[in-house]
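Spelled out from the first residue to the last, the chains are:
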Amino acid sequence: MSETANARKIAFATFVRRALDDARAMRAWSGTEVSRRTGVSRQTINRWVRGDWASDPEAERVVAFCEGLGLDPTVAFTALGWDRTTGPRPGPTPPPMDPDVEALLRRLIDPDVSDAEKFHIRETIRYLAYRPTLPGNARNRGKQAG
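So, here's what we can say about the structure. For every chain, the first residue of its written sequence is number 1, and the numbers climb from 1 along that sequence. Local features in this predicted model are restricted to residues of pLDDT 70 or higher, and side-chain atom pairs are both shown and tallied only at a pLDDT of 80 or more, whereas totals for entire chains, interfaces and linings draw on every residue. Water and hydrogen atoms were dropped before computing side-chain values, which therefore reflect all heavy atoms in the structure.

### Thoughts on the packing of helix H1 (residues 3-27) against helix H4 (residues 59-69)
To obtain an axis, a line is fitted to C-alpha atoms, over the contacting stretch when the element is a helix, and the angle between two such axes runs from 0 to 180 degrees between their N-to-C directions. Helix and strand definitions follow DSSP, with helices as H or I runs of at least four residues and strands as E runs of at least two, each counted in order from the N terminus. The geometry of H1 relative to H4 is characterised by a closest axis approach of 11 Å and an angle of 25 degrees between their N-to-C directions. For the element pair H1 / H4, the angle class is roughly parallel. Viewed along their axes, H1 and H4 form a crossing whose handedness is left-handed. Touching Phe-12, Phe-15, Val-16, Ala-19, Leu-20, Ala-23 and Arg-27 of H1 are Val-62, Phe-65, Cys-66, Gly-68 and Leu-69, all from H4. Under the scheme applied here, ten amino acids are nonpolar (Ala, Val, Leu, Ile, Met, Phe, Trp, Tyr, Cys and Pro), four are charged (Asp, Glu, Lys and Arg), and all others, including Gly, are polar. Broken down by class, the residue content of the contact of H1 with H4 amounts to 10 nonpolar, one polar and one charged. Throughout, the term roughly parallel applies to angles under 35 degrees, roughly antiparallel to angles over 145, roughly perpendicular to angles from 65 to 115, and oblique to all others. A clockwise turn of the near helix away from the far one marks a right-handed crossing, whereas an anticlockwise turn of less than a right angle marks a left-handed crossing. When checking whether two residues touch, look at their non-hydrogen atoms; a contact exists if any pair is within 4.5 Å.

If you want it as structure tokens, here you go:
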């Protein structure tokens, strides 16, 4: 393997490892969750982290991985030594954001809000986002009882 190919593998592996670390730290996503949200298998992601690939990763998979994590694919392309750029794939227009969610986001970026309060906001959001949902009939029972 040439030095250039080895350097590209190391650079891309570093990029993927940082993306995974950020997903774990900021979103509390496991490797399985990253795979689910990006559409890239855990085996492929693990090969990327190890630099264990004979030919370059498929551009579509790299783009899907980046978009699933909210990253710019051109950073990954640069790590791979590719002279390609791509914009985000057009997708459906997101629904309008709930005003309460907007208020929380403003608090999270407000420099006057303490780190402790931001921590509690993030922990509460994380709890609500990942708690198990009740089966449909259990929800209806609660409405009937009340």
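### Overview of the nonpolar core
Here, nonpolar core means buried Ala, Val, Leu, Ile, Met, Phe, Trp, Tyr and Cys residues that are tied together by side-chain atoms lying within 4.5 Å of each other. Burial classification: accessible surface area is computed with a 1.4 Å probe over protein chains only, and a residue below 20% of its type maximum counts as buried, one above 50% as exposed, and the rest as partly exposed. The biggest cluster of nonpolar side chains holds 25 residues, and the ones touching the most others in it are Phe-12, Val-16, Val-62 and Phe-65. Of all elements in the fold, only H1, helix H3 (42-50), H4 and helix H5 (73-80) reach the threshold of two or more residues within this core. Ranked by residue count, the leading element in this core is H4, at seven residues. The residues touching Phe-65, leaving out its near neighbours within four places in the chain, are Phe-15, Val-16, Ala-19, Leu-20, Val-34, Thr-38, Val-40, Ile-45 and Trp-48.

### So, unusual backbone geometry
A positive phi angle is found at Ala-28, which is not glycine, with a value near 60 degrees. Take Ala-28: it is sitting in the loop between H1 and helix H2 (31-38).

### Re the pattern of salt bridges
Here a salt bridge means any side-chain nitrogen of Lys or Arg lying within 4 Å of a carboxyl oxygen belonging to Asp or Glu. Following the criterion strictly, the structure yields eight salt bridges and no others. The salt bridge involving Asp-56 is made with Arg-8; its shortest N-O contact spans 2.9 Å. With Asp-56 in the loop between H3 and H4 and Arg-8 in helix H1, the pair connects residues that are 48 residues apart, well separated along the chain. On the accessibility criterion, Asp-56 (30% relative accessible area) is partly exposed. Across the salt bridge formed by Asp-21 and Arg-24, the nearest N and O atoms sit 3.7 Å from each other. Placement of both Asp-21 and Arg-24 in helix H1 is noted, with a separation of three residues, approximately one turn of the helix. The partly exposed category is assigned to Asp-21, whose relative accessible area is 40%. Judged by its relative accessible area of 44%, Arg-24 is partly exposed. If you follow the salt bridges from partner to partner, you end up with Glu-33, Arg-36 and Arg-37 in one network.

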